[in-house]
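# Coordinate analysis (summary)
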Amino acid sequence: MSTLKPMLFLALALAFVAGESVAQTPRLGKPVSEADIAAWDISAMPDGTGLPPGSGTPAQGAKIYVEKCISCHGENGTGKPFAALVGGTPLTNGIETPKTIANFWGYSTIVFDFIRRAMPFQQPRTLTNDEVYALTAYILALNKIIDDKDVMNAETLPKVKMPNRDGFMPRFPAMMP
Amino acid sequence: MSNDLSNKTWEAPAVVAGNGLLDRRAFLNGGAAFAAALTGYSLVKSAAAEPLVDDPWSRETGTVTPALQTPSRFEKHVVRTLSNPKNETRTSHGRTPHHLLSGTFTPNSLHFTINHSGIPDIDPGQHRLVIHGLVKQPLAFTVESLLRYPLVSRMSFVECGGNSAPMFSIEPVQATAQALHGLVSCSEWTGVRLSTLLEETGIDPKAKWFIAEGADSLALSRSVPVKKALDDAIIALYQNGERLMPGNGYPMRLLLPGWEGNMNVKFLRRIKLTEEPAMSYYEGRTYSQILPNGKAYRFYFLQEVKSFITHPSFGLKMNGPGYYEISGVAYSGNGRIVKVMISADGGKSWGEAALQEPVLSKAFTRFRMPWRWDGGPVVLLSRAWDETANVQPLRAEFVASRGQTRKPVTNPLGFPNQHYNSITSWGIDRNGEIKHVYA
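## Points about the overall build of chain A
Along its length, chain A carries six helices and four strands. Listing the helices and strands of chain A from first to last along the sequence gives α-β-α-β-α-α-α-α-β-β. Long-range contacts, defined here as pairs at least 24 residues apart, represent 58% of the contacts in chain A between residues at least 6 apart. Split by element, the accessible area of chain A, about 9,800 Å² in all, is 60% carbon and sulfur.

Here you go:
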């Protein structure tokens, strides 16, 4: 006891000087580098953060679509058996209006991000970055949000303004960071 | 005690609201005496109508104790309802049978679950949780290492943002509390505070959000304010004392007490601290909901104050006039429930229900109300208040701001809209048939 107290005091004093927390935690986490995490770090943000190198066009995307997407999303993205990727009715038609890329999605990066992480549904993360850019371009062009000749890449994609970008609000503004 | 009772005269409990709602205190304090007074039973004269004999199961040795016990064969109907009976490969749901349960926590086998790309078969020895982004030192944690951290336990409900979606129907959908409200459950969760792990990684002051991501095939991801991480977020490893069920996130999930279910990311493998939210598919699309003016709420966060009556409710039977207990669950993402009012006359008069202790923050609170049904038509409603003075909105005011469908909802498994926290009403006719009604 007689030696512990001064040592504890010393530790506290040092911690205070260093500006560090004095809480005792197990420290069992293994240090890793961002390079180690790269394969998992797949979030593409609205400002383009996280978008990888690569590019694609609607025409390239159309070919990949026929090969890998059409069985679920139908010809030209018209849907069935799963979600339609084109069209959509005005959101003022009712609270149960189906949400589509054209009438609802606020950011073009969501299209890229979701294809990259989740599609094809049975073989997620098997597409190359070029393929994801091409499919994103194809779907945006189907919806007339970009032109048929537009190239999508880390520079151009975040600049695509989605029709409903300004259609959102938080439920509790005071809770937003 | 019975001798004691037999020597006393008991007054009938006071009627506190229309159609036979009785003083909640009579039930709580009176116990058996209350029942005796109300139903005319006499504890002294409580003899069976026929002489008792041993039943067959009392005359033979029972089965040997199994390693993992399951409910009685007479309770086989108490199961979750499934949305994908033919194992269709799409989002699958299992709903909690609230009308067949009581108490405040949900058995693990009956906890609701929604899986957007199936339930991954995760080897806990291989699973890792990585925390990176705007931190001083990115760290990876194994399940084994997290189990050595100081653990905390708390009761918490988890509710899907789409729970009660059929309630947006312009006409009441005739369905059980399970079908209408089965996407909420309540458990005791045990795990490591996220703030403890963030203390070890350090937090860059620029970090305002963190992106949580699962190890499921579509790497489901949601953005959460860092403030919530430092408040009460837990990396949950146990559910009601045992390790998480696969459908609830085995081997670990994010638990954000009181917040939208989908944000409580299951199979958690990655947390990235960021300045801005990711605007992921599930926050930018699926769990954003359309308002009548065509705008949409994005980042709802809270599951607001809510209650519904489970007994009696659609799918159960009344057994003639007389005494019943009305009961149900109330909860709020804002904290504790402080009051639940019950009406048996469609909202004309209200009486205060008893709240089963302990009443815990962001957890189910079971409410109870003694009731003497005179056999006439009634409409039962419950309405809850939480400690932050939020009150469950009446249906008329709720749909005025949030809308309802243009056509009646015919499929109770669909999601016409989200975050319904208004009233549920059960109508009972003279035959004792229970229907879902709008009061």
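Moving on, there is more to tell.
## A closer look at the side chain of A:His73
Residue and element names in this part refer to chain A. The residue His73 is located in helix α4 (residues 70-73) in this model. Among the polar contacts made by the side chain of His73, one reaches the main-chain carbonyl oxygen of Ala83 at a distance of 2.7 Å. Not counting chain neighbours up to four residues away, the residues in contact with His73 comprise Tyr65, Thr78, Gly79, Lys80, Phe82, Ala83, Leu85 and Met119.

## Observations concerning the interface of chain A and chain B
Across the contact, 49 residues belong to chain A and 70 residues belong to chain B. For the chain A and chain B pair, buried surface summed over both sides reaches about 5,400 Å², with 61% attributable to carbon and sulfur atoms. Area buried by chain A at its contact with chain B is led by A:Trp40, A:Ile95 and A:Arg171, which between them contribute 16% of it. On the surface where chain A and chain B come into contact, there are five salt bridges. The closest approach of N and O atoms between A:Arg117 and B:Glu213, which form a salt bridge, is 2.9 Å. For the side of chain A that touches chain B, the per-class residue count stands at 29 nonpolar, ten polar and ten charged.

## Quick look at the environment of A:Ile110
If you trace the backbone, A:Ile110 turns up in helix α5 (residues 108-118). Taking relative accessible area as the criterion, A:Ile110 reaches 2% and is therefore assigned buried. Between the alpha carbons of A:Ile110 and A:Ser43 there is a distance of 9.3 Å; along the sequence they are 67 residues apart. Discounting chain neighbours no more than four positions away, the residues touching A:Ile110 are A:Trp105, B:Met279, B:Ser280, B:Tyr281 and B:Gly284.

## Thoughts on the confidence of the model for chain B
All names here are of chain B. Here chain B shows a mean pLDDT of 93. Residues at 70 or above account for 92%. Every residue in residues 35-45 is under pLDDT 50, and counting partners more than four places away or in other chains gives eleven contacts. Taken over the whole predicted complex, pTM reads 0.92, whereas the ipTM for its chain interfaces reads 0.90.

## A short note on helix α6 (residues 129-142) of chain A
Residue and element names in this part refer to chain A. For α6, which comprises 14 residues, the first-to-last C-alpha distance of 20 Å matches the rise-based estimate of 20 Å (1.5 Å per residue) to within 8%. Looking only at α6, the buried set comprises Glu131, Val132, Tyr133, Ala134, Leu135, Thr136, Ala137, Tyr138, Ile139, Leu140 and Ala141. Buried positions along α6 lie against β2 (55-56), α3 (58-68), α5 and β3 (152-153). Lys144 lies just past α6 and shows a positive phi near 60 degrees.

## Comments concerning the packing of α3(A) against α6(A)
Residue and element names in this part refer to chain A. For the pair α3 and α6, the least separation of the axes is 7 Å and the interaxial angle reads 100 degrees. Comparing the axis directions of α3 and α6 gives the class roughly perpendicular. Touching Pro58, Gln60, Gly61, Ala62, Ile64, Tyr65 and Lys68 of α3 are Glu131, Ala134, Leu135, Ala137, Tyr138 and Ala141, all from α6. Residue composition of the contact of α3 with α6, grouped by class: nine nonpolar, two polar and two charged.

## Quick word on α3(A)
Residues and elements named next belong to chain A. Taken together, the buried positions of α3 are Pro58, Gly61, Ile64 and Tyr65. Across the axial projection of α3, the buried residues extend over an arc of 120 degrees, all falling on one side. Across from the buried face of α3, at angles greater than 90 degrees, the exposed residues are Ala59, Lys63, Val66 and Glu67. Summarising the contacts, the buried residues of α3 are in contact with α4 and α6.

## Regarding the packing of aromatic side chains
Counted according to the given criterion, the structure contains 23 aromatic pairs over all chains. Relative to B:Phe398, the ring of B:Phe168 has its centre 5.8 Å away and its plane inclined at 45 degrees; by these criteria the two rings are tilted. With B:Phe168 in the loop between β8 (152-159) and α5 (177-181) and B:Phe398 in helix α9 (residues 395-402), the pair connects residues that are 230 residues apart, well separated along the chain. Exposure remark for B:Phe168: the relative accessible area of 0% places this residue in the buried category. Ring geometry for B:Trp259 against B:Phe301: centres 4.7 Å apart, planes inclined by 15 degrees, an arrangement best described as stacked. Of this pair, B:Trp259 sits in the loop between β14 (253-255) and β15 (268-274) while B:Phe301 is found in the loop between β17 (296-297) and β18 (306-311), placing the two residues 42 residues apart along the sequence. Each member of the pair, B:Trp259 together with B:Phe301, is buried. Site record: aromatic cluster; members linked through ring pairs are A:Trp105, A:Phe114, B:Tyr281, B:Tyr282 and B:Tyr287. Sitting over the face of the ring of A:Phe168, B:Arg298 holds its NZ or CZ atom 4.1 Å from the ring centroid. The positively charged end of B:Lys339 is found above the aromatic ring belonging to B:Trp385, 4.3 Å away from the centroid.

## Regarding the nonpolar core
Considering soluble globular proteins, one finds that nonpolar side chains tend to be buried as a cluster. B:Ile131, B:Leu146, B:Leu194, B:Ile235, B:Leu254 and B:Leu273 are the most contacted members of the largest nonpolar core, which has 91 residues in total. Counting residues per element, this core draws most heavily on α6(A), which supplies nine residues. Not counting residues up to four positions away in its chain, the partners in contact with B:Leu146 are B:Leu129, B:Phe141, B:Leu151, B:Val192, B:Leu197, B:Ile235, B:Leu237 and B:Met252. Of all hydrophobic cores here, the second largest spans 46 residues; its members include B:Ala175, B:Ile342, B:Leu355 and B:Trp371.

## A few points about the side chain of B:Thr113
Residue and element names in this part refer to chain B. Structurally, Thr113 is set in strand β5 (residues 113-115). Polar side-chain contacts of Thr113 include one of 2.6 Å to the backbone oxygen of Gly247. With near-sequence residues (within four places) excluded, Thr113 lies in contact with Arg80, Ser92, His93, Gly94, Gly247, Asn248 and Lys266.

## Thoughts on the sheet that holds strand β26 (residues 434-437) of chain B
Residue and element names in this part refer to chain B. A sheet is described by the order of its strands in space; here five strands give the open sequence β21-β20-β24-β25-β26, paired in antiparallel fashion. Where the open sheet ends on each side, the last strands, each with one partner, are β21 (351-352) and β26. Pairing of strand β20 (residues 337-343) with β21 involves two bridges; the strand directions are antiparallel. In the sheet register, Ile342 faces β21, and the bridge partner there is Gly351.

## Details of the packing of α5(A) against α6(A)
Residue and element names in this part refer to chain A. At a closest axis distance of 9 Å, the pairing of α5 and α6 adopts a crossing angle of 135 degrees. Judged by the angle between their axes, α5 and α6 are oblique. As for how α5 packs across α6, the hand of that crossing is right-handed. Residues Ser108, Val111, Phe112, Ile115 and Arg116 of α5 lie in contact with α6, whose contacting residues are Asn129, Val132, Tyr133, Leu135, Thr136, Ile139 and Leu140. Its residues placed into classes, the contact of α5 with α6 shows eight nonpolar, three polar and one charged.

Calculation notes
Residues numbered from 1 in each chain as written. Chains lettered and ligands numbered in written order. Predicted model: local features only at pLDDT ≥ 70, side-chain atom pairs only at ≥ 80, totals over all residues. Heavy atoms only, no water. Helix = DSSP H or I, 4+ residues; strand = E, 2+ residues; numbered from the N terminus. Contact = heavy atoms within 4.5 Å. Areas by Shrake-Rupley, 256 points an atom, 1.4 Å probe, with all protein chains shown as cover. Polar contact = N/O pair within 3.5 Å; in protein donor to acceptor, adjacent residues only side chain to side chain. Buried area = accessible area lost by both parts, 1.4 Å probe. Salt bridge = Lys/Arg side-chain N within 4 Å of Asp/Glu carboxyl O. Nonpolar A, V, L, I, M, F, W, Y, C, P; charged D, E, K, R; others polar. Buried < 20%, exposed > 50% of the residue type's maximum accessible area, 1.4 Å probe, protein only. pLDDT = per-residue confidence, 0-100. Expected span 1.5 Å × (residues − 1). Axes fitted to C-alpha atoms, helices over the stretch in contact; angles between N-to-C directions. Parallel < 35°, antiparallel > 145°, perpendicular 65-115°, else oblique. Arc of directions from axis to C-beta. Phe/Tyr/Trp six-rings, centres within 6.5 Å; stacked < 30°, edge-to-face > 60°. Lys NZ or Arg CZ within 6 Å of the ring centre and 35° of its normal. Core = buried A, V, L, I, M, F, W, Y, C linked by side-chain atoms within 4.5 Å. Pairing = 2+ DSSP bridges. Left-handed = near helix turned anticlockwise from the far one by under 90°.

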